[in-house]
Amino acid sequence: MLEKFVDRLPIMPIIQPVKINHGIPVYEVAMKESFQKLHRDLPATRVWGYNGQYPGPTFQVHRNHPIRVLWKNELPENHFLPIDHTVHGAGTNVPDVRTVVHLHGGVTPDTSDGYPEAWFTRGFQQGGPYFTDPIYEYPNHQAATTLWYHDHAMGITRLNIYAGLAGMYIVHDEEERSLGLPEGEFDIPLLLQDRSFHRDGSLYYPAEPDPPVEGVTPSVLPDFFGKANLVNGMVWPYLEVEPRKYRFRILNGSNARFYRFSLSKQLPIVQIGTDQGLLGKPVPVTRVLIAPAERVDVVIDFSRSAGETLTLMNDAASPYPQGKSPNPKTTGVIMQFRVKKKLSRPDQSVVPQTLSRYQLINEQQSNNQRNLLLNMRPDQYKRSIHLLNNQLWSDPISEKPQLGDVEIWSLVNVTHATHPIHLHLVRFQILDRQPFDQNLYEKQGKIVPTGPRMKPDPNEQGWKDTVRANPKEITRIIMKFVPYAGLFVWHCHILEHEDYEMMRPYVVVKK
């Protein structure tokens, strides 16, 4: 087993534009293969990274200041992870190595959204049916928040992200800057992922589930859980901190693993933000659950912990919530904080009692309500497919909200696992969750609630773009479909599910 806390936490470099064109910064990012040390005792690991770095460089942008990005594929022609060619969109009729970038949580026109079939190959030699322009437009018309960018190619997203194609994208604005929160070197992004390794340092991703599927090799898995936790691309790292307040923007970038993190010695955590920006007010928490693709923004005050060593721990089951608890010696541990540095200057940062002018969307504003099933059924090889409303990707588009409309989506989860559901383009609010009788559904196909609707916890009441839809529950979300018409997607963000049919296109229609 690899020794924990022997490597310093890496901080991803901030990317700079290559030029300014008519006042708009232009960035160039090349996806490249490289070999990178992910642990002191591992040989260098082959990874695919943005600009050859895993994780990719961090974008720091400002609200209402648009940027353009030229994403370039400079990857090898062969994939080093096992591709299942029976998966829709990943057949032998398309190139094995293809990429398309999605700015997760970004409010962008559909041509810059990273539609899964808008993929492109090395040097733009081939493009998918929806590929339009190699230069993406990011308007950044949204409140300060922590977004991330990652690959979204049809049928191989799980493999491309696992290979290393992910990075952080941070939006700042004046409201956030005026609050006095920790900033600069005391504002640190933490990208959590799990991985497994061969002895030679190479990434391990199974070619088939256990037991194997008859007639399919390689075969897509139901989900994947690595044996080691990485933060910012390093296995079980440590971070030396000063005895002061720090802001941590935490992203779960794992394929399928949920984290419920807490600090040793019960050091308090104050959550100040969620996927789409700051909460209305700070929420003190002792532990925080974070599903794949969710982000949480927290402040930790180390001022009374000088000289101490604290561990960030995880107790979320895999699969969540019905699976096994993590091993407390391996996946139950995330990273270590060492409060060993001297105070470089007085800590004048604060966590104000009011963070943002957060307004609830009134249910009465809704133009439409949809009931959408999260369900499963076997495929031709007797593998379970996870589905949205019992539909395949290739079925006709059924969700066609009108531009400017407010809709309530009721996500009815009849499976046994929690699914983190993500909608492109829009931000939403969680209205409530309500239990229903699973046995009755399995016998008669009826959805009958068994208890009252429950409001989300205070730290989930901000703007979101990814919601945990729990088993045996109806999760209701409300959103306004603005500001762009066009073709987008919604999907489960467990990558193995999304790659194998738990993703659907939707269209925002101009009135």
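Here's a quick rundown of the structure. (Residues numbered from 1 in each chain as written. Predicted model: local features only at pLDDT ≥ 70, side-chain atom pairs only at ≥ 80, totals over all residues. Heavy atoms only, no water.)

The sheet built from four strands is open, its strands ordered β4-β9-β8-β6 with mixed pairing. At either end of the open sheet lies a strand with only one pairing partner, and these are β4 (59–62) and β6 (101–104). Ignoring which end each strand starts from, the neighbouring axes of this sheet average 25° apart. Two strands pair when backbone bridges link them, and β4 and strand β9 (residues 166–172) are joined in this way by four bridges, in the parallel orientation. Within the sheet, the bridge partner assigned to H62 lies in β9 and is H172. (Pairing = 2+ DSSP bridges. Helix = DSSP H or I, 4+ residues; strand = E, 2+ residues; numbered from the N terminus. Axes fitted to C-alpha atoms, helices over the stretch in contact; angles between N-to-C directions.)

What follows concerns the sheet that holds strand β17 (residues 277–285). Read from one edge of the open sheet, seven strands run β12-β11-β10-β14-β19-β16-β17, paired in mixed fashion. Of all the strands in the sheet, just β12 (234–235) and β17 have a single pairing partner and so form its edges.

With that out of the way, let us pick up the pairing of β6. Of the two faces of β6, the one lined by V101 and L103 and the one lined by H102 and H104 are each fully buried. As paired elements, β6 and strand β8 (residues 145–151) share four bridges and run antiparallel to each other. Counted as the bridge partner of V101 is D151 from β8. (Buried < 20%, exposed > 50% of the residue type's maximum accessible area, 1.4 Å probe, protein only.)

Another aspect to go through is the nonpolar core. In this structure, F59, W71, Y138 and Y169 are the most contacted members of the largest nonpolar core, which totals 62 residues. Grouped together as the second largest cluster of nonpolar side chains are 31 residues, I188, L190, L263 and I290 included. (Core = buried A, V, L, I, M, F, W, Y, C linked by side-chain atoms within 4.5 Å.)

Secondary-structure assignment places R158 in helix α1 (residues 157–163). Relative accessible area serves as the criterion here: at 1%, R158 is assigned to the buried category. The spatial distance from the C-alpha of R158 to the C-alpha of A256 is 9.4 Å, given a sequence separation of 98 residues. Those residues in contact with R158, other than ones at most four positions away along the chain, are P82, D84, Y205, V220, N255, L495, E496 and D499. (Contact = heavy atoms within 4.5 Å.)

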